[in-house]
Structures are given as structure tokens and as C-alpha cells.
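# Architecture at a glance
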Amino acid sequence: MSLKKLAANKSFGGWHEQYSHTSESLDCNMRFAVYLPPQVAAGQKVPVLYWLSGLTCTEQNFMQKAGAQRSAAELGIAIIAPDTSPRGESVADDDSYDLGQGAGFYVNATRSPWSRHYRMYDYVVNELPGIIEAEFPVTCRRSIAGHSMGGHGALTVAMINPERYCSVSAFSPVCNPVNCPWGQKAFTAYLGEDRQAWRKHDASELMKKAEQFVPAIVDQGESDEFLAEQLKPETLEAAARASSYPLELRRHEGYDHSYYFIASFIDSHLRFHANHLMN
């Protein structure tokens, strides 16, 4: 496996870098972005926060819009942001924005034509961390976070693999995809009609039955245009009560679904993760 560096930009004493590589999990060329804090230049290995973005995004949205580098540099945390799906001419796609390229939903597809390439769960959980820990000066201490579809991915990945992550956080996550249009459309295409298979990738269903806990925070804007139909944070709150899950769900008046919201609270997420990554 060889990485190709596509770009590098110095930021707050560290480096934002973009890479491409051939992914075995996804059977295509993939891109990811890395922020390496200045502690790396001093010879330190640092822990990692994996960031999963939402529908239509790439590996660059978070790095360019969230303003996370200042706190990551101060705290000594590397940030890894993969693309949101496999891409390429041979990769199955759909004309709509919420299915296909840009909309991987962080699951392993089991239905054709999606199953050949759409294995984002394997990529995020196994392949990408393996690359990062082999090729970059990082420790095996990991946390995970995301926004919207990526918030769904971060929560589910952490709860399915509690031994792998020190903490998890999400902005405006799709909390109950088995009961919202985005989730129903994607899960039907990628996983088929079996709703039991869907529930294995539903944050509310997983949290309700959780026995091992990963500390979690969720921020949700009260003026989010997708709040009632797609996000359903009340289902996650009910699930946390059922299992006594250590979830802090914070609602914010006036904030919407955009990166203006993420940028307003990303520092608190990074400090939350640092508390768990450094202990």
C-alpha cells in the first residue's frame, strides 16, 4: 500500500495534508485528510480523532469549515477525515443526493450493485486506522465524531466497537435511521428489506441495548431544518435513559444544520475528546 500526498498546508504550527490511496475494502481509489498538530514535529506520537462527514461532503468540508485546527494544535490531537463514500466511474451511483456517491452511510452494503464498493464500515473501523497507525506518528488511542450522516456513523461505529474508542461525539446526527426517510432509503438500497439488519446500524436501537459504554456528547440545533423528520434526537435520549448510557445531549436555540453550528461548538468537542484520549 502506498500513499500519495496530494497537498499540504501549514496551520497553527501543524500541518493539514491530503492523501489518496487504493482501498482494499472499497475496491477503488480513496482520499482522506489529516491534521497533524505541532507536537508531531517535536517527536511526539499523538492520539487521533476520526471525523465522519455528512451527505454530499468530502474529506475537505470539515477541515476547511469547522475551524478545528486551533484547538487540535493546542491539545495535541491528530484529526483524520475520510471521504463519505467510495467514488469513481466504476462505482455505483444514484441521481439523488442521499444515495450512492457522497452518501455511504458508514455501513457494509450487502445488495448489488452497492456491495462491490460500499463497505464504509470496514474502511472506517479497520482499514483506515490501520493505515494511519502504520504511516503516521500517532498512538492507538482513538475517538470518533461526525455530523448528520457522519454523526450516525460515529455513534454506531463507537457503540458496535466500544473497545476501540475512548469517546464519541456528534453534531445533528441521524439518530433513528430505521424511522426516517434518509435512513430508510439508504438501508433499503444497501442492506435490503430486512429491518433487523437495519437495526444493527441504528444509534437509538444500539444505545437502548448497550452494555458497554463509550462516553458520548451530542449537540443539536433547535432551528435545524431536518430536526423533526430526519434527525429525531428524542429517540436517542429515550434510548440513553433505557440503558443508563453516559450521553449528554445538548440543544441550542437558533442554530441550524450548517457548519456555522459546528464551528460554534467544535472546541468543546475537542476538549471532551482530549479528556478521554489523554487519560
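Residues numbered from 1 in each chain as written. Predicted model: local features only at pLDDT ≥ 70, side-chain atom pairs only at ≥ 80, totals over all residues. Heavy atoms only, no water.

## Describing the packing of aromatic side chains
The condition that has to hold: Each aromatic pair joins two rings of Phe, Tyr and Trp (for Trp, the six-membered one) with centres within 6.5 Å, and gets the label stacked for planes under 30 degrees apart, edge-to-face for over 60, and tilted for any other angle. Exposed residues in this analysis have more than 50% of their type's maximum accessible area, buried residues have under 20%, and partly exposed residues fall in between, with area computed by a 1.4 Å probe over protein chains only.
Inspection of every chain in the model, using the stated rule, returns 16 aromatic pairs. Ring plane angle 85 degrees and centroid distance 5.2 Å describe the contact between Trp114 and Tyr118, whose orientation is recorded as edge-to-face. Assigned by exposure class, Trp114 and Tyr118 land together as buried. Ring centres 5.6 Å apart and planes at 40 degrees place the aromatic pair Tyr255 and Phe261 in the tilted group.

## Notes on unusual backbone geometry
Applied cut-off: Note on conventions: DSSP H or I runs of at least 4 residues are helices, E runs of at least 2 residues are strands, and numbering of each starts at the N terminus.
The peptide bond linking Ser112 to Pro113 adopts the cis configuration, its omega dihedral lying at 5 degrees. With respect to the secondary-structure elements, Pro113 resides in the loop between β5 (78–82) and α3 (120–135). In this structure, Phe12 takes a positive phi of about 50 degrees despite not being glycine. Residue class for Phe12 comes out partly exposed when judged on its relative accessible area of 44%. Positive phi outside glycine occurs at Phe105, with the angle close to 60 degrees. Inspection of the secondary structure puts Phe105 in the loop between β5 and α3.

## Re the sheet that holds strand β3 (residues 28–36)
To keep it simple, the criterion reads: By this definition, two strands are paired if DSSP reports at least two bridges between them. Every angle, taken between N-to-C directions, lies between 0 and 180 degrees, and every axis is a line fitted to C-alpha atoms, over only the stretch in contact when it is a helix.
The strand order β1-β2-β3-β5-β4-β6-β7-β8-β9 describes an open sheet built from 9 strands, whose pairing is mixed. What marks the edges here is a single partner per strand, and that holds for β1 (4–11) and β9 (247–252). Pairs of neighbouring strands in the sheet enclose a mean axial angle of 20 degrees, with direction left out of account. Bridge analysis of strand β6 (residues 138–147) against strand β7 (residues 168–171) gives 4 bridges, and the strand direction is parallel.

## A word on the layout of surface pockets
Where empty space is left in the structure can be found by rolling a water-sized probe over the atoms. Selection rule: Note on definitions: the grid is 1 Å and covers protein atoms alone; a cavity is a set of points where a 1.4 Å probe fits but cannot get out; a pocket is an open set with protein on both sides within 12 Å along at least five of seven lines; lining residues have an atom within 4 Å of a point. Grid points are joined across faces, edges and corners, and a volume is the space filled by probe spheres set on the points.
When its volume is computed, the largest pocket comes out at roughly 210 Å³. In terms of lining residues, the largest pocket is bounded by 14 residues, among which Leu55, Cys57, His147, His257 and Tyr259 are the most central.

## As for the pairing of β5
Buried residues dominate β5, accounting for 5 of its 5 residues. As judged from the 4 bridges shared by β3 and β5, these two strands associate in the antiparallel manner. Residue pairing across strands places Ala33 opposite Ala81, the latter belonging to β5. When strand β4 (residues 46–52) meets β5, the two strands line up parallel, connected through 3 bridges.

## Brief notes about the nonpolar core
Side chains of a nonpolar character, in soluble globular proteins, are inclined to be buried together. Going by this rule: The term nonpolar core refers to a set of buried residues drawn from Ala, Val, Leu, Ile, Met, Phe, Trp, Tyr and Cys, joined through side-chain atoms within 4.5 Å. Any two residues whose heavy atoms approach within 4.5 Å are treated as being in contact.
Core analysis: the largest hydrophobic core is formed by 70 residues, its most contacted members being Phe32, Ile132, Ile144, Tyr190, Leu236, Tyr245 and Leu247. At 8 residues, α3 tops the list of elements feeding residues into this core. Beyond its immediate sequence surroundings of up to four residues, Ile132 is in contact with Phe32, Val48, Tyr50, Ile80 and Val138. Counting 24 residues, the second-largest nonpolar core is a separate cluster that includes Ala73, Phe261, Ile262 and Leu270.

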